[in-house]
Amino acid sequence: MKRRSLRSILLATAAAASGLVVATTMSSPASAATASQGLDCGVGGSQTAVVTPAAPATVETGGTFQVTLGPGPTPSKADGAEIKNLVTTFNVPSGASIVAGSASATGGSGLNSTPTVAISGTTVKLTVPGPIASGATFVNPTLKFNLTATGGAGGTIKTTFKQAGAYTLTAAGSFNVTCNATTPLTTLTSTTIQAAATTTTTAAPTTTTTTGATTTTTGGATTTTTTAAPTTTTTAGPTTTTTTAPPTITTQTWSPGTACGVAQSTTAPANTISVSITAVGGKGGKSGSQASSAKRDGGSGGQAFGTFAASPGQTYTGVVGCNGADGQNGAATSTSAAGYAYGGNTGNGSIVIGQTGAGGGGGGAASGACLGAD
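Residues numbered from 1 in each chain as written. Predicted model: local features only at pLDDT ≥ 70, side-chain atom pairs only at ≥ 80, totals over all residues. Heavy atoms only, no water.

Notes on the confidence of the model for the protein
Detailed reading of the predicted model is not advised wherever pLDDT is low. Quick reminder of the rule: The predictor's confidence in any single residue is recorded as pLDDT, a number from 0 to 100. Between two residues, a contact is recorded if the distance between any of their heavy atoms is within 4.5 Å.
Chain-level statistics for the protein give a pLDDT mean of 78 and a share of 72% at 70 or above. Here residues 1-31 scores under 50 on pLDDT; set against residues more than four positions off or in separate chains, the count is 112 contacts.

Comments concerning the environment of glycine 359
To keep it simple, the criterion reads: Secondary structure counts use DSSP, requiring at least four H or I residues in a row for a helix and at least two E residues in a row for a strand, with both numbered from the N terminus.
Assignment of secondary structure puts glycine 359 in the loop between strand E23 (315-319) and strand E24 (368-371). Along the sequence, glycine 359 and serine 289 sit 70 residues apart, while their C-alpha atoms lie 7.7 Å from each other.

Some words on the state of the cysteines
Cysteine pairs can be covalently joined through their sulfur atoms, and such a bond is termed a disulfide. Selection criterion: Disulfides are defined as cysteine sulfur pairs within 2.5 Å.
Summed over all chains, the structure comprises 2 disulfides. Across the disulfide from cysteine 41 sits cysteine 179; the S-S distance is 2.0 Å. Taking the sign of the S-S torsion, 110 degrees for the link of cysteine 41 and cysteine 179, the bridge is right-handed. Residue cysteine 41 is located in the loop between strand E1 (35-40) and strand E2 (46-54), and its partner cysteine 179 is located in strand E15 (residues 175-181); the two are separated by 138 residues in the primary sequence. Linked covalently through their sulfurs, cysteine 260 and cysteine 322 form a disulfide whose S-S length is 1.9 Å.

A word on the nonpolar core
Generally speaking, a soluble globular protein has its nonpolar side chains buried in company with each other. Here is the rule we go by: Among the buried residues, those of types Ala, Val, Leu, Ile, Met, Phe, Trp, Tyr and Cys that are joined through side-chain atoms within 4.5 Å form a nonpolar core. Here the term buried applies to any residue with accessible area under 20% of the maximum for its type, exposed to any over 50%, and partly exposed to those in between, with areas from a 1.4 Å probe on protein chains only.
Ranked by internal contacts, the top residues of the largest apolar core, which has 38 residues, are Leu39, Ile83, Phe145, Leu147, Ile157 and Phe161. Counting residues per element, this core draws most heavily on strand E12 (residues 142-149), at 4 residues.

Section: the pairing of E12
For clarity, the threshold we go by: Each pair of strands is called paired provided DSSP finds at least two bridges between the two strands.
With 6 of 8 residues buried, E12 is to be regarded as a mostly interior element. Pairing of strand E4 (residues 64-71) with E12, which is carried by 6 bridges, proceeds in the antiparallel orientation. Bridging from a neighbouring strand, threonine 68 pairs with lysine 144 of E12. Two elements, strand E7 (residues 96-98) and E12, share 3 bridges in a ladder whose sense is antiparallel. Note that in E12 the partner of serine 97 across the bridge is threonine 148. Sheet topology note: the strand E8 (residues 104-106)/E12 ladder contains 3 bridges and is antiparallel. Bridging across to E12, alanine 105 finds its partner in leucine 143.

Right, dumping it as structure tokens:
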């Protein structure tokens, strides 16, 4: 039998070992589709790792989801040499952080050892210690770990192989093989971050009844009875704003309709608040004439004005003073002008050079008003 070269053994070993599968699954996997990642294994040549990945399509901001990386559909084979210390490394994607203690390895067959997982910084490592005998077939375990979405809404969390040292193993006892993931890295799982849903909680109506010193509150399915000192609740009535315009001032003018010197009364109408009185005295009478001389008008009567508080229904009495009598030639008249107060009589004229003198006119009477009927 022809002895195989070390390179051919490593190529066969690397090719067989690259059947390791890693997958991510949270809730139910979207599908059983596989993903392939190219590997550059140096002396082991170019290989392809096939994995069955699964993860949810979306996650809310701050939410946690599980990633599952499982083996491919075809079992692997250690062809040409014994292999051990198979290590597959994955990146923790940006926009997410791994939940401490959440990584685990389950399942697998023909591993001849117990797989282990380790979280180191931003990587997750799955290790199969082995050894797996040359020519033996095996199925790699399924790796699971949880991620928390730390990125903003709209971001995408993508799981990939670690680029440098994505897959390493030891072959034929002591030959270490390192495989780097070729770029661009294959996206194994893709989960989109979406904004958290808004939840509105409406409590059941609460009815509060106060009777004496006992208050009973019923809300939803909970009933609470509190006994305390009597409580008085004062509820203010609705606020009413009333705008009152300033009062409209109107006046009524009244004068005695009787002849001068004769008193007359009147009653203050509704809404009366004040009364203003203007009193003008009667004029003085004209002077008498001497020897057909012209007569002269007497003086104007005096005037007084005043305003006083008043009420509706009050009686006021007024009298207008009469004008004074005109002066005569010779003897004075005996009639005085009537009014609130009488006016003075006319004067006597003097006889001058045989002519009867003209007398002065009489004084006008006073006008006045008073509260009451008198």
